[in-house]
Amino acid sequence: VLIYGRRLNPKKEDVLPGDLIQFENVVIQWKDKKGTYTETMAHHTAIVYHINGPQDFEIAHQNTSSWGKKVGVSNFRLDRVKKGKVIIYRPIEK
């Protein structure tokens, strides 16, 4: 497991832009009027780009099926995680 700084507890602390998210064997599921969707992230790292609300973030990341090697921004909601580990870190000075 990679460590990028101080580990946060998102239930007790605010997540801020610039925080790092490490995904390990994560399965995300959600439904809308068009259907049910599932995403998986076996081993992936992202940066919190914008806060939409509690547990609702825009994340910047690359090496995805949508953007390849280019950096893209997508929505991520903690309440949609069904399986796996999501670890959020606050960068700290050495």
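Residues numbered from 1 in each chain as written. Predicted model: local features only at pLDDT ≥ 70, side-chain atom pairs only at ≥ 80, totals over all residues. Heavy atoms only, no water.

1. Some words on the sheet that holds strand S6 (residues 81-90)
At step 1: As summarised here, the arrangement of the 6 strands in space is S1-S6-S2-S3-S4-S5, forming an open sheet in which the pairing is antiparallel. Each edge of the open sheet carries a strand with a single partner, namely strand S1 (6-7) and strand S5 (72-77).
At step 2: Across 7 bridges, the pairing between strand S2 (residues 20-32) and S6 is antiparallel. Residue pairing across strands places Ile28 opposite Val81, the latter belonging to S6. (Pairing = 2+ DSSP bridges. Helix = DSSP H or I, 4+ residues; strand = E, 2+ residues; numbered from the N terminus.)

2. A short note on the packing of aromatic side chains
Any aromatic ring pair is given by two values, namely how distant the centres are and how the planes are angled relative to each other.
At step 1: Under the criterion given, the structure shown has 3 aromatic pairs.
At step 2: Considering the side-chain rings of Phe23 and Phe76, the 5.1 Å spacing of their centres and the 90° angle between planes classify their relative orientation as edge-to-face. Within this pair, whereas Phe23 is found in strand S2, its partner Phe76 is found in strand S5, the two being separated by 53 residues in sequence.
At step 3: Chaining the aromatic ring pairs together yields one cluster made of Phe23, Phe57 and Phe76. (Phe/Tyr/Trp six-rings, centres within 6.5 Å; stacked < 30°, edge-to-face > 60°.)

3. A short note on the environment of Asp79
At step 1: Note that Asp79 resides in the loop between S5 and S6.
At step 2: Once the C-alpha coordinates of Asp79 and Pro54 are considered, the two residues, 25 residues apart in sequence, prove to be 9.5 Å apart.
At step 3: Within the structure, the side chain of Asp79 is placed 2.8 Å from the side chain of Arg77, a separation counted as a polar contact. (Polar contact = N/O pair within 3.5 Å; in protein donor to acceptor, adjacent residues only side chain to side chain.)

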